[in-house]
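# Understanding the architecture of this molecule
As a plain string of letters, each chain reads:
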Amino acid sequence: LNVDLSREQTAKVINYRVMDGLGRFVSTVVHTNVQNDKFSISPSGLAAGNYYLVISADGKTIAKPFTVAK
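What you are looking at is a predicted structure, and each value in this text was computed from that prediction instead of being measured. (Residues numbered from 1 in each chain as written. Predicted model: local features only at pLDDT ≥ 70, side-chain atom pairs only at ≥ 80, totals over all residues. Heavy atoms only, no water.)

For the rest of this paragraph, the subject is the nonpolar core. Within soluble globular proteins, side chains that are nonpolar generally end up buried alongside one another. Counting 16 residues, the largest nonpolar core has Ile14, Tyr16, Val18, Leu53 and Phe66 as its most contacted members. The biggest single contributor to this core is strand S1 (residues 2–20), with six residues. Residues within four places of Tyr16 in sequence aside, it is in contact with Val3, Leu5, Ser27, Thr28, Val29, His31, Asp37, Phe39, Leu53, Val54 and Ile55. (Core = buried A, V, L, I, M, F, W, Y, C linked by side-chain atoms within 4.5 Å. Buried < 20%, exposed > 50% of the residue type's maximum accessible area, 1.4 Å probe, protein only. Helix = DSSP H or I, 4+ residues; strand = E, 2+ residues; numbered from the N terminus. Contact = heavy atoms within 4.5 Å.)

Turning our attention to the pairing of strand S2 (residues 25–40). Bridge analysis of S1 against S2 gives 13 bridges, and the strand direction is antiparallel. Across the sheet, residue Val18 finds its bridge partner in S2, namely Ser27. Linking S1 to S2, which pair antiparallel, is a turn of four residues; within it Gly23 sits at a positive phi near 85°. (Pairing = 2+ DSSP bridges.)

We now examine the sheet that holds strand S3 (residues 49–57). The sheet built from four strands is open, its strands ordered S2-S1-S3-S4 with antiparallel pairing. Only two strands of the sheet have a single neighbouring strand rather than two, namely S2 and strand S4 (60–68). Across the sheet, the axes of successive neighbouring strands diverge by a mean angle of 20°, strand direction being ignored. With seven bridges joining them, S1 and S3 adopt antiparallel strand pairing. By the bridge assignment, Asp20 is partnered in S3 with Tyr51. (Axes fitted to C-alpha atoms, helices over the stretch in contact; angles between N-to-C directions.)

This is how it looks when you write it as structure tokens:
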């Protein structure tokens, strides 16, 4: 799962969390002082199914769905 984030202003803290279909957070990555961010999250430890990548910064949250197929 590739993440490419661009912001107009630098965020002090950005939380990237993977949530499973039951609403449980199964992975969390925290980056600090971010304006432009590119990185990968490996789904190798995840079971096949539907998930959400939940990104939180500066009091705002967005969720993007993705599927792991094995």
